[in-house]
Amino acid sequence: MAEVVASAARSRSTNRPITSKPRGKALTWLADNSVRIVGGLVVAYLFLPVVVIVLFSFNKPIGKFNFVWKGFSLEAWRHPFAEPGLGQAMVVSLKVAALSTLIAVVLGTLIAVALVRYRFRGQGLIDVFLVLPLTTPEVVMGSSLLTLFLDLDQPLGFRTIVMSHIMFQVAFVALT
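About the cut-offs
Residues numbered from 1 in each chain as written. Predicted model: local features only at pLDDT ≥ 70, side-chain atom pairs only at ≥ 80, totals over all residues. Heavy atoms only, no water. Helix = DSSP H or I, 4+ residues; strand = E, 2+ residues; numbered from the N terminus. Buried < 20%, exposed > 50% of the residue type's maximum accessible area, 1.4 Å probe, protein only. Contact = heavy atoms within 4.5 Å. Polar contact = N/O pair within 3.5 Å; in protein donor to acceptor, adjacent residues only side chain to side chain. Phe/Tyr/Trp six-rings, centres within 6.5 Å; stacked < 30°, edge-to-face > 60°. Expected span 1.5 Å × (residues − 1). Bend = angle between axes of the 7 residues up to and from the residue. Core = buried A, V, L, I, M, F, W, Y, C linked by side-chain atoms within 4.5 Å. Axes fitted to C-alpha atoms, helices over the stretch in contact; angles between N-to-C directions. Parallel < 35°, antiparallel > 145°, perpendicular 65-115°, else oblique. Nonpolar A, V, L, I, M, F, W, Y, C, P; charged D, E, K, R; others polar.

1. Digging into the overall build of the protein
Scanning the protein from terminus to terminus reveals 8 helices and 0 strands. Starting at the N terminus and ending at the C terminus, the protein contains elements arranged as α-α-α-α-α-α-α-α. Looking at the protein as a whole, 13% of its 176 residues qualify as buried. Considering only contacts in the protein between residues 6 or more positions apart, those separated by 24 or more positions represent 46%.

In structure tokens, the structure reads:
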């Protein structure tokens, strides 16, 4: 028995993979890393607007508009909350984020536990409704929710913003 195993091991070690054409090292490296390269280029393309915005935050504009580079300046970063209402807007954003995340985590966790542990009629429909917010563009979802709130005569404000964020976040929590 040991001789058969040794013989098989020897015959396997002499087998070489069949290749159609020999490739150079650069071409082999490119073929092995092509997905990483394309993925890196896609990520760079997606981050390009963020880089442009950060770059233009150091611009010294003349007037209100900041479309053309005039010169380097740290003026915008010297007093970031000097603009009236900017500090209050940040506080409201943090409150919306904290409250909607807390509620979405609780609701999404309960939905996920129910979907995993139990089988019930309409489970497929709930799965579709969970994927729907992830596949719908945010602009479409925002305008749809605005139309819904206006049709229901809901006063727009903090409550409707939190409800909209919860609806969007629950899908991420439940599916994760």
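After that view, the rundown keeps rolling.
2. Let's talk about the side chain of threonine 160
Relative to the helices and strands, threonine 160 is located in helix α8 (residues 158–175). With residues near it in sequence (within four places) discarded, threonine 160 still touches Phe149, Gln154 and Pro155.

3. Remarks on the side chain of serine 100
Positionally, serine 100 belongs in helix α5 (residues 86–117). Only 3.4 Å separates the side chain of serine 100 from the backbone oxygen of alanine 97, close enough to count as a polar contact.

4. Examining the packing of aromatic side chains
Inspection of every chain in the model, using the stated rule, returns 4 aromatic pairs. Ring geometry for phenylalanine 58 against phenylalanine 72: centres 5.7 Å apart, planes inclined by 10°, an arrangement best described as stacked. On the criterion of sequence distance, the pair formed by phenylalanine 58 in the loop between α3 (34–56) and α4 (75–78) and phenylalanine 72 in the loop between α3 and α4 is long-range, its members being 14 residues apart. Where phenylalanine 58 meets tryptophan 77, the ring centres are 5.9 Å apart and the plane angle is 25°; that geometry is what we call stacked. A residue pair is termed long-range when its members are at least 10 positions apart, and phenylalanine 58 in the loop between α3 and α4 and tryptophan 77 in helix α4 qualify at 19 residues.

5. Quick look at α8
Taking 1.5 Å of rise per residue, the 18 residues of α8 would be expected to cover 26 Å, and the 26 Å separating its terminal C-alpha atoms lies within 8% of that figure. Along α8, the helix axis deviates most sharply at glutamine 169, where the bend reaches about 30°. Where α8 is buried, its residues touch α5, α6 (123–135) and α7 (138–151).

6. Thoughts on the nonpolar core
In this structure, Val96, Ala104, Val162, Ile166 and Val170 together form the largest nonpolar core, which totals 5 residues. Within the residue set of this core, elements represented by two or more residues are α5 and α8. At 3 residues, α8 tops the list of elements feeding residues into this core. Apart from residues lying up to four places away in sequence, alanine 104 is in contact with Thr109, Ile166, Gln169, Val170 and Val173.

7. Remarks on the packing of helix α2 (residues 25–32) against α3
At a minimum axis distance of 4 Å, the contact between α2 and α3 shows a crossing angle of 60°. Between α2 and α3, the angle falls in the class oblique. Between α2, through Trp29, Leu30, Ala31 and Asp32, and α3, the contact on the second element is made entirely by Ser34, Arg36 and Ile37. Of the residues contributing to the contact of α2 with α3, the split by class is 4 nonpolar, 1 polar and 2 charged.

Distances and angles like these do not, on their own, reveal function.
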